[in-house]
Amino acid sequence: MEFSETRQDGALILGIRGEVDSTTSPELEEKLIGLIESGERRFVLDFEGVDYVSSAGFRVLLKTIKDLKPKGGSLHVCSVKDYIKEVFDVSGFNAVIPLHGTVDESLKALAC
Amino acid sequence: MAIDLVSFQLAANRQELCRLGTIMKELGQKYALLPKDAFELRLVLDELITNIIDYGCADGTEHFIRVSLGFEPGFVSVSVEDDGCFFDPTCAPTPDTACSLEQRKIGGLGIHFMRNMVDEIRYERKGTINVLRMKKALAVPCTDKKEE
């Protein structure tokens with residue numbers, strides 16, 4: 001799994017490349033915990049380079065968003081492939097994690 | 001295309017999940033599955049086998065997990081057998097996916113995903129073996145690329 005970090009409009013855009021499964025999700029979790037500990041509060045996770053997500057990945061997203069909420073933070077996800085978006089629907093995560101088509105749309109939503 | 005059967009065996013440990021991912025990606029290419037079908041089929045097996053390893057085969061002894069896939073033009077038949085303790089995923093509780101963020105529990109999603117991604121699912125305990133048979137309709141019929 002590879003990460004890229006870009007800062008824009010007060011948000012940290014974390015680009016993820018690879019698969020988010022039970023083997024790799026601890027890497028994502030560690031990355032997000034580190035960023036939150038270093039003071040990041042507003043996240044856009046760019047899933048353009050993600051072609052597989054299992055429940056292990058959803059656990060990390062849920063844990064992160066639960067961790068961020070009392071700190072006044074937020075997490076948005078963008079550029080999710082259609083077939084992965086369906087899993088967001090099945091999990092009900094579409095109600096707790098805002099999904100957007102692009103990074104720009106995520107930044108606009110975060111600014112509101 | 002006639003029924004094409006593919007079988008493989010995994011040891012009941014988490015390192016094998018990587019091998020499962022590689023096998024499923026190769027099969028997706030071999031049978032020209034749509035990305036959606038290939039993803040869902042892999043997810044079904046990934047979630048099921050993760051649960052078999054973590055709950056059915058967690059007694060510290062060696063166990064096997066045998067996977068058979070029958071590729072037919074409109075659907076894939078899946079059979080998964082393991083010699084772990086009794087584990088019937090069809091009876092696992094359904095997580096509450098409509099509750100608030102505060103009430104959402106971390107976990108329990110894998111089997112929920114699996115059950116949602118297949119069209120038929122049937123569990124049977126045969127002696128000391130768990131047998132789970134599933135059927136998944138494909139959005140676009142598969143073809144064996146080698147036959148073309």
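Residues numbered from 1 in each chain as written. Chains lettered and ligands numbered in written order. Predicted model: local features only at pLDDT ≥ 70, side-chain atom pairs only at ≥ 80, totals over all residues. Heavy atoms only, no water.

All names here are of chain B. The antiparallel open sheet is built from 5 strands, whose spatial order is β1-β2-β3-β5-β4. Edge positions in the open sheet fall to β1 (4-11) and β4 (120-126), since each of these has one partner strand only. Across this sheet, the average inter-strand angle for adjacent strands is 15 degrees, counted without regard to direction. Bridge count between β1 and strand β2 (residues 64-71): 8 bridges; the pairing is antiparallel. By the bridge assignment, Leu10 is partnered in β2 with Ile65. (Pairing = 2+ DSSP bridges. Helix = DSSP H or I, 4+ residues; strand = E, 2+ residues; numbered from the N terminus. Axes fitted to C-alpha atoms, helices over the stretch in contact; angles between N-to-C directions.)

Residue and element names in this part refer to chain A. The end-to-end C-alpha distance of helix α2 (residues 55-68), which contains 14 residues, comes to 20 Å, matching closely the 20 Å that a straight helix rising 1.5 Å per residue would cover. α2 sits mainly inside the fold: 10 of its 14 residues count as buried. The complete set of buried residues in α2 reads Ser55, Ala56, Gly57, Phe58, Val60, Leu61, Leu62, Thr64, Ile65 and Leu68. (Expected span 1.5 Å × (residues − 1). Buried < 20%, exposed > 50% of the residue type's maximum accessible area, 1.4 Å probe, protein only.)

Tallying the contact residues gives 25 residues for chain A and 25 residues for chain B. Buried surface at the junction of chain A and chain B, summed over both partners, amounts to about 2200 Å²; 63% is from carbon and sulfur atoms. Where chain A touches chain B, the interface holds 4 salt bridges. In this structure, the salt-bridge partner of Glu86 of chain A is Lys36 of chain B, at a minimum N-O distance of 2.8 Å. (Contact = heavy atoms within 4.5 Å. Buried area = accessible area lost by both parts, 1.4 Å probe. Salt bridge = Lys/Arg side-chain N within 4 Å of Asp/Glu carboxyl O.)

With that out of the way, let us pick up the pattern of salt bridges. One pass over the full model with this rule turns up 15 salt bridges over all chains. Here Glu29 of chain A ties to Lys63 of chain A by a salt bridge, and the two come within 3.0 Å at their closest N and O atoms. Taken together, the residues Glu29 of chain A in helix α1 (residues 25-37) and Lys63 of chain A in helix α2 connect sequence positions 34 residues apart. Overall, the relative accessible area of 37% leaves Lys63 of chain A in the partly exposed class. Residues joined in a network through salt bridges with shared partners are Glu19 and Asp21 of chain A together with Lys25 and Arg42 of chain B.

Attention now moves to the state of the cysteines. Residues and elements named next belong to chain B. What the rule picks out here adds up to 0 disulfides over all chains. Cys91 forms no disulfide, and the closest cysteine sulfur to it belongs to Cys85, at a distance of 14 Å. On the basis of relative accessible area, Cys91 is assigned to the exposed category, the value being 59%. (Disulfide = S-S within 2.5 Å.)

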